[in-house]
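One-letter residues, chain by chain:
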Amino acid sequence: MQALVKSSMVMDKEEHSALLRQVVDGLAEVPRDDRVRLHLSGHLCHAPRPELLAAIEECGAIVVDDDLFTGTRYITTDVPEGGDPVEALAQRYLDRDATLPCPTRVKHESDWEDELVRVVEASGAQGVIVLMVRFCEPHMLYYPELRKRLNEQGIPHLLLETEHEGLPVETVQTRVEALLERIHRSTPPHRTLEVTR
Amino acid sequence: MTAHYLGVDLGSTTAKVVVLDEGGAIEAAEVVQMGAVSRKGCAQAMTTALDTAGLHRGDVTASIATGYGRRLVEDIDRTFTEITCHGRGAAAMCPGTRLVVDIGGQDSKAIALDDEGIVDNFAMNDRCASGTGRFFEVLARAIECEIDELAGLALQGDKDLEVSSMCATFAETELISMLAQGERREDIAASVHRAVATRTVGLIAQVGRRSPIVMTGGVARNAAAAHFLAEGMQAEVTVPESPQIIGAYGAALLARDGAGRAAVGAGETTTDAREPARSCNTCDLTLTMGGPR
Amino acid sequence: MTAAATDKLNRLAINKAGGKMVADYWEDVFLARERGQKVVWYNGSALNPIFQAAGMAWCHGEAFSARLAAQHLEGPAQLAGSEYGYVGELCSYARTHLGAAVLSQKRSAGSANGPGMVGLPEQEELASRLPTPDVFVNAYAGCSTGQQWDDISFRVFGKDVPIFNVSMPFFWSNHPGEGYMVGEEWERSSHYVADQLRELVPFLESITGKPFDWDAYRQNMAYIKKASELRQEAMKLCRHLPAPATFWDWIGNVAHINFLPANQDLVDFYTAVLAEVKQRVADGVGSVTSERYRVYFDGFMNWNHLGLLSRKFAAHDVAVVAGRYTHHAFWQEPQLIDPEGDVLLGQAQNNLLCPMNHSTKTIEELVLRDCDFYNVDGIVFHSTRTCRAFTNPQRIVAKGAQEKGLATLFFEGDIADASFYKDEVLESRLEAMLEGIDVRRARV
């Protein structure tokens, strides 16, 4: 997913769309397994390191949805067709902040925490990992509002602070594993079994 | 055949092993000092603990490893993080526990438990050894005493000196310059303990204050560490009889709960846990922690 | 720990009396609600003469955090912030203030309930005395955190408190002829902000339900203009050797010019400051008892260690004569204020002249101009951990300074979070810098 979105950001759209069609045609439905279903939230300006995503999956989780800059955030809002192209592009930026609020924009039309809870419920994610880029002030300021709502909704979550360079895989995995263990232990075993079937 | 459960906690400096009987009572508990993470030390601790319980490896019904070196432990059913194990262990050892403060050789954690003893939330110290067992080693070296003597000295100190460097690297020079200025060892020890407690209170703030509070891990054996934490929290802090074994105890309990035989959700294999290079972001240094292997 | 046992710092005596003025101001703010006054929370730009004329009580967020830190009372607010979920890398002004917001909210809600992190009742008492706001006014130059901080305060208070945003453009100085107070960008931005401030007035009237007192506002601005002129004159006298006052003294009375009520007391205070400085110059008395070095301070103030730092530098015979923070952030261009004419323009322009709101080129020019004027041996850079806006240009400025033959030193610390400061690091780097200066002098 990351690769698909990231490449779409830099490639010629027509070329990318053609390739994307091939990818979509090649997809088959996969039966649901017992991996813990997670939502990734955050990373507002750049892509998380691929090793980080791999480390999360290695712990036994599957990412079912996200609001990352190089993920859903990018494809969440279309450019309105017709009219002045430049205005349409500008409109798309404004619209995107309403459909998927970004804390770098001081806007009040919609609230990120509402949107987050809505999509978590829609995807059936069992937990959320908040990926916070170190020194991202808007995210640091907004995070407690997300946390408050997730706690109110009883959605387990984990905050991981990331850096541009370097990734302490071992520490990350310990934290992710602890989250998964917490999700496992608070989920009655029979429910897990039902999911498996 | 009666069942026996094995919990192994392979930490940065010690290996802890607990064997439980079918009813969950402790049959044997073993702590081995290693100096560095070592498979051999761990294997030795396991053998000794099983000997004490009069058991062979084959008598073990289920086993779980935890701790920093959990993936190095051989012949184990599965692994759990220290967070889950310390939470489980403390909740069983001290029923009603809502907050576990675990300070080990090189990390510290605040673990919030719900009223059923299940982990609700946790926070870990970030990337460096500030406020951990490693940090107390630095203190002992600077004021030239044994680790065991720290508590006695700290509890006699009455002056509150400002310890600005919580980084293990810089703290040493700072402590030495305090000595050079004629400050008493007792006061220095007390001030360092107080500073560590302040850091720990900050860590606790990240998960939210709850009580009763239980302190686990090797540092909990230091009476002064618990004393100053209680002072900082203005709340009672309970230290179980053997705070070091709580993680292994929790692991054994989880094995007994059936987690050891359950489908391995994490899909882990026992591989070499590489020591991560840690950049301590509050200073300019890059430290690789853990001893030589 | 390493500062000398004997204090070699000879502080301005007048700042003691000044301290009482600040304490009285805060007492007054804490009781604003009881008096039935509307309370405005704001950050960054000194809009207080406007609030004063609107009959409101004003609460400067950073000033509140700085005060808590300087009094070593920041702990409970920071813990409350941490418990609410703010991470340690967040601007410590913001998280101290937001922590205090959480505490004051708790207090106004009848306390007791909710997770009580704080075990230090008296300190919590102080942090929680911050009166809850009736309105937020956001006008922050050069710091994006400031804008988001107010927006989050707005959210923390349940989105029920009205907020007014003033957009403050950054001075990029990308075109020829643009720079410090010159060029088309300067003119355009000044009017852009002044126009917004003009819109702020009816907004405040809608909050207070009272007409804005323009005469009072012009009078306030006249007081501020006078106070600033006196302060500027006194600061410039520190060029003398030995320096009659230091950066630490200017820190000691920064609150007055930044947010105390504009009135005759304010003017009288800086009149007395100037008189004391003049007397010292006449008597040849220095602020450091045996000044051998003089340096410039670039960086935000480290409020937690104000006493420690001032003693440390003095102990090494170092006079810290000026700084980017004290000298470029507070009404430092009083001549722009025209109380009889377009008074809002001078307000807007001074608000825009924040030391973080310039291009690095301009900052370098300003700092090096000061270094030249005060004839310093070097620059001490306080690498302010949670204030990226202030810290970002420092390495480039340092390079420029080194090319001019100035010694430079970096030390790590923070505005309001004590834990980022490492005393031993500064101590050894300071000694090394002074040795370097000695060696250079011996060669000449």
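As the structure is a prediction and not an experimental result, all values here were calculated from the model.

Engineer: When you look at the overall build of chain B in this model, what are you seeing that I'm missing?
Structural biologist: Per the secondary structure count, chain B includes eight helices and 12 strands. Here chain B holds 293 residues, and the buried ones make up 62% of them. Per element, the accessible surface of chain B, about 11200 Å² overall, is 47% carbon and sulfur.

Engineer: Honestly, the interface of chain B and chain A in this entry has me stumped. Any pointers?
Structural biologist: Where the parts come together, the accessible area they lose is often given as the size of the interface. If you look at the interface, chain B gives 30 residues, while chain A gives 21 residues. With both chains or domains summed, chain B and chain A bury close to 2200 Å², and 44% of this area falls on carbon and sulfur atoms. Where chain B packs against chain A, one counts three salt bridges. The partner of Arg71 of chain B in a salt bridge is Glu170 of chain A, and the shortest N-O contact between them spans 3.5 Å. Applying the counting criterion to the chain B and chain A interface returns nine residue pairs in polar contact (both at pLDDT 80 or more). When contributions to the side of chain B that touches chain A are tallied by element, the ones reaching two or more residues are helix 2 (82-93), strand 8 (119-124), helix 8 (246-257) and strand 11 (277-279) of chain B. By residue number, the principal contributor to the side of chain B that touches chain A is strand 8 of chain B, which donates five residues.

Engineer: Explain the interface of chain A and chain C here, please?
Structural biologist: The interface of chain A with chain C comprises 23 residues on the first partner and 25 residues on the second. Of the roughly 1900 Å² buried between chain A and chain C on both sides combined, carbon and sulfur atoms contribute 56%. For Asp111 of chain A, the salt bridge identified is with Lys159 of chain C, shortest N-O distance 2.5 Å. Our count for the contact surface shared by chain A and chain C stands at 13 residue pairs in polar contact (both at pLDDT 80 or more). Among the elements that take part in the side of chain A that touches chain C, helix 7 (residues 137-152) of chain A stands out by supplying 10 residues, more than any other.

Engineer: How should unusual backbone geometry be read in this particular structure?
Structural biologist: Only a minority of non-glycine residues have a phi that is not negative, and only a minority of peptide bonds are not trans. The linkage connecting Ser211 of chain B with the following residue, Pro212 of chain B, adopts the cis geometry, with an omega of 5°. Residues Leu241 of chain C and Pro242 of chain C are joined by a peptide bond in cis, for which omega reads -5°. Note on placement: Pro242 of chain C falls in the loop between helix 9 (214-236) and helix 10 (247-252). Residues other than glycine seldom take positive phi values, yet Lys159 of chain C does so here, at roughly 60°.

Engineer: Before we go on, may I ask you to explain the environment of Lys312 of chain C in this structure?
Structural biologist: Mapped onto the secondary structure, Lys312 of chain C falls in helix 13 (residues 306-315). Using a relative accessible area of 1% as the deciding quantity, one classes Lys312 of chain C as buried.

Engineer: Just checking my understanding: could you explain the pairing of strand 1 (residues 36-42) of chain A for this structure?
Structural biologist: A regular strand places its side chains on the two faces of the sheet in alternate fashion. Residue and element names in this part refer to chain A. Of all seven residues in strand 1, seven are buried; the element is thus mostly enclosed. Two elements, strand 1 and strand 2 (residues 61-66), share five bridges in a ladder whose sense is parallel. For Leu38, the partnering residue across the bridge sits in strand 2 and is Val63. Note on the crossover from strand 1 through helix 3 (residues 50-58) to strand 2: the handedness is right-handed.

Engineer: Sorry, what's going on with the nonpolar core here?
Structural biologist: Taken as a class, soluble globular proteins show a tendency for nonpolar side chains to be buried jointly. Residue and element names in this part refer to chain C. Formed by 177 residues in total, the largest nonpolar core has its most connected members in Trp26 and Tyr93. A per-element tally of this core places helix 8 (residues 184-208) first, with nine residues. If near-sequence neighbours (up to four positions away) are discounted, Trp26 is found in contact with Cys59, His60, Ala63, Phe64, Arg67 and Phe259.

Engineer: Help me out: how do you make sense of the packing of helix 9 of chain C against helix 12 (residues 264-283) of chain C in this one?
Structural biologist: When two helices pack together, their arrangement is given by the angle between the helix axes and the distance between those axes. Residues and elements named next belong to chain C. At their nearest, the axes of helix 9 and helix 12 sit 9 Å apart, and the two run at 10° to each other. When the axis of helix 9 is compared with that of helix 12, the two are roughly parallel. Two packed elements cross with a definite hand, and for helix 9 against helix 12 that hand is left-handed. Where helix 9 abuts helix 12, its residues Tyr223, Ile224, Lys226, Ala227, Leu230, Arg231, Glu233 and Ala234 lie against Gln264, Leu266, Val267, Tyr270, Thr271, Val273, Leu274, Val277 and Lys278. Of the residues contributing to the contact of helix 9 with helix 12, the split by class is 11 nonpolar, two polar and four charged.

Engineer: Could you clarify how one ought to interpret the sheet that holds strand 6 (residues 318-323) of chain C in this entry?
Structural biologist: Backbone hydrogen bonds are what pair the strands of a sheet, in a parallel or an antiparallel way. Residues and elements named next belong to chain C. One open sheet accounts for four strands, arranged 6-5-7-8; its pairing is parallel. A strand with exactly one partner marks an edge of an open sheet, and here the two such strands are strand 6 and strand 8 (407-413). Strand after strand, the sheet turns through a mean of 30° between neighbouring axes, direction not considered. Note: strand 5 (residues 293-298) against strand 6, five bridges, orientation parallel. Within the sheet, the bridge partner assigned to Tyr293 lies in strand 6 and is Val318. Running over the sheet, helix 19 (residues 423-443) touches strand 5, strand 6, strand 7 (378-384) and strand 8 and is turned about 175° from strand 8.

Engineer: Please clarify how the sheet that holds strand 1 (residues 39-44) of chain C should be interpreted in this entry.
Structural biologist: Residues and elements named next belong to chain C. Within the open sheet, the four strands sit side by side as 2-1-3-4. Their pairing is parallel. Where the open sheet ends on each side, the last strands, each with one partner, are strand 2 (57-60) and strand 4 (163-165). On average, adjacent strands in this sheet sit at an angle of 20° to one another, irrespective of strand direction. Here five bridges tie strand 1 to strand 3 (residues 135-139), and the two strands are oriented parallel to one another. Paired with Asn43 across the two strands is Asn138, which belongs to strand 3. Across the face of the sheet, helix 8 comes into contact with strand 3 and strand 4 while running at roughly 170° to strand 4.

Engineer: Looking at this structure, how should I read helix 5 (residues 92-108) of chain C?
Structural biologist: Owing to its 3.6 residues per turn, the α-helix brings residues three or four apart onto one side. In a regular helix each residue adds 1.5 Å, so 17 residues correspond to 24 Å; helix 5 of chain C covers 24 Å between its end C-alpha atoms and thus fits that length. A large share of helix 5 of chain C lies buried, amounting to 14 of its 17 residues.

What counts as what
Residues numbered from 1 in each chain as written. Chains lettered and ligands numbered in written order. Predicted model: local features only at pLDDT ≥ 70, side-chain atom pairs only at ≥ 80, totals over all residues. Heavy atoms only, no water. Helix = DSSP H or I, 4+ residues; strand = E, 2+ residues; numbered from the N terminus. Buried < 20%, exposed > 50% of the residue type's maximum accessible area, 1.4 Å probe, protein only. Areas by Shrake-Rupley, 256 points an atom, 1.4 Å probe, with all protein chains shown as cover. Contact = heavy atoms within 4.5 Å. Buried area = accessible area lost by both parts, 1.4 Å probe. Salt bridge = Lys/Arg side-chain N within 4 Å of Asp/Glu carboxyl O. Polar contact = N/O pair within 3.5 Å; in protein donor to acceptor, adjacent residues only side chain to side chain. Pairing = 2+ DSSP bridges. Right-handed = clockwise from strand over helix to strand, strands pointing away. Core = buried A, V, L, I, M, F, W, Y, C linked by side-chain atoms within 4.5 Å. Axes fitted to C-alpha atoms, helices over the stretch in contact; angles between N-to-C directions. Parallel < 35°, antiparallel > 145°, perpendicular 65-115°, else oblique. Left-handed = near helix turned anticlockwise from the far one by under 90°. Nonpolar A, V, L, I, M, F, W, Y, C, P; charged D, E, K, R; others polar. Expected span 1.5 Å × (residues − 1).

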